[in-house]
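Structure at a glance
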Amino acid sequence: MPVLHTLRRDARGLLLVLLAAAALHTAPAPAAAADEPGWTAEPAAGTAAARPGGARPYFYLEGAPAAVLEDRLALTNTTDQERTVTLRGADAYNTADGALAARPAASGAPGAPGGAGSWFSFGAGATVKIPPRTRAVVPFTVTVPPASPPGDHPAAVIAAEAGREVGVRVHLRVSGPTLAALTVEDVAVRGRGAAAVVAYTLVNRGNVALAPELDVRADGVLGEVPGRGPRTLPVELLPGQRVELTEPWPGAPVLDRVRVRLTVTAPGGARADAAASAWFVPWRAAGWTGLGLLALGGTASAALFLVRRRGPWRRPADGGAPGGPSGKPGATTPAPEHELTGASR
């Protein structure tokens, strides 16, 4: 027995060792340091648009045409090796679904290179070397062209290294009259039931960025239909930009003809309305109903034929062949007409 007990104890120990080795072998490896940028870019501490502690989420610059505006970008190297970061200005724009993006350096899109992205100049040069574990502050200027129109000119500072890019938003406004204006276009209802959505297009017709609010209301032939109350859209609509959006509509009816009205407002007095009509029909049920009506119509037509075919025959007084008053074969006396409700035509 002592020998058997010893063997069992050794077997347990060997099993524990094997399990530990397996766990070490199958445990996920930590993310490689190469997957991390190793540096950050952000506005240097300042007072404009500052968060508690002096941090700023973005740059805000404003000036008249021909003004030269100044600010500073902070680059922090968090690794043990030197980093070489390239800086440039870029135009900001809305993607089709409303997200914000910066145009690439070689973009041929409207607004590049003559947009606000071309107004940037970096005092320390477009290429900055950052020693290990060091924070570098890079000054830059924005020179507003003399003929620049007033309003918002969205832009960004782009920092890049080895194919990685970090964008820092720049709210850039040229002094002068501002106009908040928008339109709602291409309203349509898509889908049915819980999957129903209201699709529409928003266009910023003014010269300032907008934070729009949407209100959806609907009226049906069978009465008022629940819409969606006012809510702020998760979109910042930049001047001159067009975005295509969809609004979930869980209150869409099952059977009705509905007119949907959209009202969009934004700070500054911007307001726009648009509407669209849509049918809501449970097509499966409608299909079965249609087949039933076709079958019913066919039966009614056959019954009408039989009623007319089996009308009384008049035999002539001389007992000859069936006929009408003229005595011609095949002629019959017309049966009286009856109004058949629901007969198929």
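Since this is a predicted model, take the numbers as computed values, not measurements.

When helices and strands are counted, the protein chain shows two helices and 18 strands. A burial count over the protein chain gives 33% of its 345 residues as buried. Sequence-distant contacts, at least 24 apart, represent 67% of the contacts inside the protein chain between residues at least 6 apart.

Another point: the pattern of salt bridges. Opposite charge on two side chains allows them to pair when their charged atoms are near. Under the definition given, this model contains 13 salt bridges. The salt bridge partner of R242 is E185, with a shortest N-O separation of 3.0 Å. Taken together, the residues R242 in strand 16 (residues 242-248) and E185 in strand 12 (residues 182-190) connect sequence positions 57 residues apart. One network of salt bridges, with partners in common, ties together E185, R205 and R242.

On to the sheet that holds strand 12. Spatial strand order, 12-13-16: three strands in an open sheet with antiparallel pairing. Of all the strands in the sheet, the pair left with one neighbour each is strand 12 and strand 16. Between one strand axis and the next, the sheet turns by 20° as a mean value, whatever way the strands run. As defined by bridge partners, strand 13 (residues 197-204) adjoins strand 16 across seven bridges and the pair is classed as antiparallel. Bridge assignment links T201 to a residue of strand 16, and that residue is E244.

A word on the pairing of strand 2 (residues 59-63). Residues F59, L61 and G63 point to one face of strand 2 and are all buried, whereas Y60 and E62, pointing to the other face, are not buried. Taken together, the five bridges between strand 2 and strand 11 (residues 164-174) define a ladder with parallel strand orientation. The residue bridging E62 from the neighbouring strand is R173, located in strand 11.

This paragraph deals with the packing of aromatic side chains. Inspection of every chain in the model, using the stated rule, returns four aromatic pairs. Centre to centre, the rings of F122 and F140 are 5.8 Å apart; their planes meet at 50°, and the pair counts as tilted. Of the two residues, F122 is situated in strand 6 (residues 120-122) and F140 in strand 8 (residues 134-143); the sequence distance between them amounts to 18 residues. Per residue, the accessibility class of F122 equals that of F140, and both read buried. Here a set of aromatic residues connected by ring pairs shows up, and it is made of F59, F120, F122 and F140. In this arrangement the basic side chain of R103 is found over the ring face of Y93, its NZ or CZ atom lying 4.2 Å from the centre.

Residues other than glycine seldom take positive phi values, yet A66 does so here, at roughly 75°. Along the chain, the position of A66 falls in the loop between strand 2 and strand 3 (68-77). Owing to a relative accessible area of 48%, A66 belongs among the partly exposed residues under this scheme. Although it is not a glycine, R133 adopts a positive phi angle of roughly 50°. Following the sequence through the fold, R133 ends up in the loop between strand 7 (127-130) and strand 8.

Attention now moves to the nonpolar core. In terms of nonpolar packing, the biggest core is built from 33 residues, with V184, V187, Y200, L202, W249, V260 and L262 touching the most fellow members. For this core, the secondary-structure elements that each account for two or more residues are strand 12, strand 13, strand 14 (213-220), strand 16, strand 17 (256-266) and strand 18 (270-280). Formed by 27 residues, the second largest nonpolar core is a distinct cluster that contains F59, V138, V157 and L172.

In this section: the sheet that holds strand 17. Read across the sheet, four strands follow the order 15-14-17-18 without closing on themselves; strand pairing throughout is antiparallel. Edge positions in the sheet fall to strand 15 (223-232) and strand 18, since each of these pairs with one other strand and no more. The sheet shows a mean angle of 10° between the axes of neighbouring strands, taken without regard to direction. In this sheet, strand 18 lies alongside strand 17 in antiparallel orientation, the contact comprising 11 bridges. Residue pairing for strand 18: T265 is matched across the bridge by R271.

Here we come to the confidence of the model for the protein chain. On average, residues of the protein chain score 75 in pLDDT, and 66% of them are at 70 or above. For the stretch residues 47-51, pLDDT sits under 50, and the model shows eight contacts to residues farther than four places along the chain or on other chains. Note on residues 108-112: pLDDT under 50 across the span, and six contacts to partners over four residues away in sequence or across chains.

The sheet contact formed by strand 12 and strand 13 spans seven bridges and is antiparallel. For V189, the partnering residue across the bridge sits in strand 13 and is V198.

Along the chain, T76 falls in strand 3. Under the relative-accessibility criterion, T76 is labelled buried at 17%. In this structure the side chain of T76 is engaged in a polar contact, spanning 3.1 Å, whose partner is the side chain of R135. When neighbours within four sequence positions are excluded, T76 is seen to be in contact with G38, W39, T40, T134 and R135.

Criteria and cut-off values
Residues numbered from 1 in each chain as written. Predicted model: local features only at pLDDT ≥ 70, side-chain atom pairs only at ≥ 80, totals over all residues. Heavy atoms only, no water. Helix = DSSP H or I, 4+ residues; strand = E, 2+ residues; numbered from the N terminus. Buried < 20%, exposed > 50% of the residue type's maximum accessible area, 1.4 Å probe, protein only. Contact = heavy atoms within 4.5 Å. Salt bridge = Lys/Arg side-chain N within 4 Å of Asp/Glu carboxyl O. Pairing = 2+ DSSP bridges. Axes fitted to C-alpha atoms, helices over the stretch in contact; angles between N-to-C directions. Phe/Tyr/Trp six-rings, centres within 6.5 Å; stacked < 30°, edge-to-face > 60°. Lys NZ or Arg CZ within 6 Å of the ring centre and 35° of its normal. Core = buried A, V, L, I, M, F, W, Y, C linked by side-chain atoms within 4.5 Å. pLDDT = per-residue confidence, 0-100. Polar contact = N/O pair within 3.5 Å; in protein donor to acceptor, adjacent residues only side chain to side chain.

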